[in-house]
Amino acid sequence: MLEFAPICIYLVISLLVSLILVGLPFLFSSNSSTYPEKLSAYECGFDPFGDARSRFDIRFYLVSILFIIFDLEVTFFFPWAVSLNKIDLFGFWSMMAFLLILTIGFLYEWKRGALDWE
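Predicted model, so just to flag it, every value in this text is computed and none were measured.

**Notes on a nonpolar patch on the surface**
So, step 1. Together, I9, V12, I13, L16, V17, I20, L21, L24, L27 and F28 give the surface a local cluster of nonpolar side chains, amounting to about 1,000 Å² of exposed area.
So, step 2. Its location among the elements puts I9 in helix α1 (residues 5–28).

**A word on unusual backbone geometry**
Negative phi is the rule for most residues except glycine; trans is the rule for most peptide bonds.
So, step 1. Positive phi, normally seen in glycine, also occurs at D88, with a value near 55°.
So, step 2. Here D88 is to be found in helix α4 (residues 84–111).
So, step 3. Overall, D88 belongs to the exposed group, its relative accessible area being 54%.

**A look at the confidence of the model for the protein chain**
So, step 1. Of all residues in the protein chain, 82% have pLDDT values of 70 or greater, and the mean over the chain is 83.
So, step 2. The spread of mean pLDDT over the elements of the protein chain runs between helix α2 (residues 36–39), the lowest at 66, and α1, the highest at 94.

**Remarks on the packing of aromatic side chains**
So, step 1. All told, the structure shown has six aromatic pairs when counted by the stated rule.
So, step 2. Between F92 and W93 the ring centres are 5.0 Å apart and the planes differ by 75°, which places this aromatic pair in the edge-to-face class.
So, step 3. Their ring planes at 50° and their centres at 5.8 Å tell us that F106 and W110 sit as a pair that is tilted. Of this pair, F106 and W110 both sit in helix α4, four residues apart, which is roughly one turn of that helix.

**Some details on α4**
So, step 1. Along its 28 residues, α4 runs just 33 Å from first to last C-alpha, ending more than 12% under the 40 Å computed at 1.5 Å per residue.
So, step 2. Of all bends in α4, the biggest is about 70°, found at F90.
So, step 3. Where α4 is buried, its residues contact α3 (58–82).
So, step 4. Following α4 by one or two positions, G113 adopts a phi angle in the positive range, close to 85°.

Analysis parameters
- Residues numbered from 1 in each chain as written.
- Predicted model: local features only at pLDDT ≥ 70, side-chain atom pairs only at ≥ 80, totals over all residues.
- Heavy atoms only, no water.
- Patch = residues over 30% accessible without salt bridge, like charges linked within 9 Å, V, L, I, M, F, W, Y side chains within 5 Å.
- Areas by Shrake-Rupley, 256 points an atom, 1.4 Å probe, with all protein chains shown as cover.
- Salt bridge = Lys/Arg side-chain N within 4 Å of Asp/Glu carboxyl O.
- Helix = DSSP H or I, 4+ residues; strand = E, 2+ residues; numbered from the N terminus.
- Buried < 20%, exposed > 50% of the residue type's maximum accessible area, 1.4 Å probe, protein only.
- pLDDT = per-residue confidence, 0-100.
- Phe/Tyr/Trp six-rings, centres within 6.5 Å; stacked < 30°, edge-to-face > 60°.
- Expected span 1.5 Å × (residues − 1).
- Bend = angle between axes of the 7 residues up to and from the residue.
- Contact = heavy atoms within 4.5 Å.

Next comes the structure, spelled out in structure tokens:
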């Protein structure tokens, strides 16, 4: 259990720093947001054209989720490329299977029209 002490200390310190950083704005903020002018939308000095809290098209969320998925794919490439000489053919074909699954998923999304903007 003693070998995990540095990890536990790191987790406790990072939790405390996070809580302090989240709590500081509440301590130093004033209660001036009660004015209705402060709560209104601001568009470069003009009156707002519409509601600032309008709905977004679901395709924006889909594209962002696809970006996150394929961005995480790139993060798996770096350790694979660094340790390629140690993992031999098994590691190579494991990554090729991973890429094949991701490519099939991407082609499925493309075929279903999830990436079309009409």
